[in-house]
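Topology and contacts: notes
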Amino acid sequence: MSVIATAVVRRRVPLAAGVCLLSFVVFWAAQRAADVSMIDLWVYRAEGQAARAGADLYALRATEYDLPMTYPPFAALLFTPLTLLDPVDLRPLATLANLLLLFAVVRLSLRLAGTWRHTHVETALWVSAVAVWAEPVWTTLRYGQVNLLLAVLVLWALTRHPDHRWAGVGIGLAAAVKLTPGLFAVFLLLVGAVAGVRGGVWRPAVRHACAATAAFLGATLVAAVVLPDDSRNFWTRVVFEAGRAGRAENTANQSVRGVLARLLHTPEPGVWWAAVAAVVCVAGLAVAVAAAARGERAWGAVACAATALLVSPVSWSHHWVWCVPMAVLLWTRAARWGGRGRWAAAGGLALVFYSYALWWVPHRPGRPELAQNFGEMTLSAVYPLAAAGFLAVAAAVALGYPRTRPGKPRAGSGRLRGGFGRGLGGSRTPQAVANE
């Protein structure tokens, strides 16, 4: 029966591939029709040119909008190959690369969620065909952003076998490009510490956290050797300039800081943001670690991602490509166990990220976000609200709800497999399976 099922699935793969390709082509045509600027791609290219020329990275202003360099110096080293490509060729190549990276994000998200191996490619194709139209994905490709690459690095690290010695490297490299993924190393370290206190297997998590830290420090050291002045400038001054990336109240800023700036009608929430972000960080990490400690590693990993997005000073809407792993996790659980609550959570999350609701509010020049009413503030906080809802669901999972075992899984819904679920010290417990 397994052989027959595999043969049937393989015959369906070409159909899924065709639909995915059609969706990508239509998406590409829609972006061309919208005349997307891919403005961040040109900033990356300018940063690579500045690194090659030995110019001051953090005095750089690129494009007609005078956009500055905000990433660590190591990112500029990664962007230098962009200077070798003709600008005419760079746009389609960047779009193609991001579409391939989206497929990789979906596959790794499915692996993290624990789907069946023989349906992996087909399911990934179907999900990719839909995921490309989510607002964070659209905006990532619209600007030529690097978010999908960073998500692939982190998800690859989180889905490796426990004995994989290089598993944490992806997290370290992602953090060397953008600092926010560094929270995953803290998460892994805390998971290992909790496992050690409880007498469990703690070495894989700690080893992966150490590998992430070593990769980050190694990449940062390379940048310091090649770009010493820029490295000194970044780590002593630029890293503390939260406003360098843009206005906090901008509706595209879907972080706690952005929400508070709009709520308090101030361009800089200051101490309020620091206090609320600290509480959110502690609470979010507590949920993530508790879920992982219970054997719900996927919930823990994605809860950590939601926490990182919330506490970052600036989380532009395109940073929220982590909506794909969030949606995949909720969808796979609903498909496996059923239940109105699970389907409602999955549908609600999809509605948030496919509605483009944050752009329904005034966001023209003139800073109208500082005078929003309650309805507008709610719409411009939809991603943080969705993340808070996801963390609430993850907390319920970590606490063991529902406590009674649900009915028999639906036919063909899949079964748990390896990856991050076993990568931090043991397989999932029967109770963890029941609590899905």
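This text goes with the structure placed above it.
Description of the structure in this document. (Residues numbered from 1 in each chain as written. Predicted model: local features only at pLDDT ≥ 70, side-chain atom pairs only at ≥ 80, totals over all residues. Heavy atoms only, no water.)

Before going further, it helps to examine the overall build of the protein. Each helix and strand in the protein was counted, giving 20 helices and zero strands. Counting over 436 residues, the protein shows a buried share of 53%. Of the contacts made within the protein by residues no fewer than 6 positions apart, 76% connect residues no fewer than 24 positions apart. When the accessible area of the protein is evaluated, it comes to approximately 19,100 Å², of which 67% is carbon and sulfur surface. (Helix = DSSP H or I, 4+ residues; strand = E, 2+ residues; numbered from the N terminus. Buried < 20%, exposed > 50% of the residue type's maximum accessible area, 1.4 Å probe, protein only. Contact = heavy atoms within 4.5 Å. Areas by Shrake-Rupley, 256 points an atom, 1.4 Å probe, with all protein chains shown as cover.)

Below, the discussion takes up the side chain of Thr332. Residue placement: Thr332 occurs in helix H15 (residues 323–337). Assessed through its relative accessible area of 4%, Thr332 is described here as buried. Within polar-contact distance, the side chain of Thr332 engages the side chain of Arg333 at 3.4 Å. (Polar contact = N/O pair within 3.5 Å; in protein donor to acceptor, adjacent residues only side chain to side chain.)

Right, let's talk about the nonpolar core for a bit. In this structure, Leu102, Ile171, Phe187, Trp322 and Val324 are the most contacted members of the largest nonpolar core, which totals 114 residues. Of all the elements, helix H14 (residues 297–311) adds the most residues to this core, at twelve residues. Among all residues touching Val324, those that are not within four sequence positions of it are Leu102, Val105, Val106, Ser109, Ala131 and Val137. (Core = buried A, V, L, I, M, F, W, Y, C linked by side-chain atoms within 4.5 Å.)

This brings us to the packing of aromatic side chains. With the rule as written, the count across this model stands at 14 aromatic pairs. Where Tyr44 meets Tyr71, the ring centres are 5.8 Å apart and the plane angle is 40°; that geometry is what we call tilted. Here the residue Tyr44 occupies a position in helix H2 (residues 39–53), and Tyr71 occupies one in the loop between H2 and helix H3 (73–79), the gap between them amounting to 27 residues. By the ring-pair criterion, three or more aromatic residues cluster together here, those being Tyr58, Phe216, Phe234 and Trp235. Stacked on the ring of Trp273, the Lys or Arg Arg257 has its end atom at 5.9 Å from the ring centre. (Phe/Tyr/Trp six-rings, centres within 6.5 Å; stacked < 30°, edge-to-face > 60°. Lys NZ or Arg CZ within 6 Å of the ring centre and 35° of its normal.)

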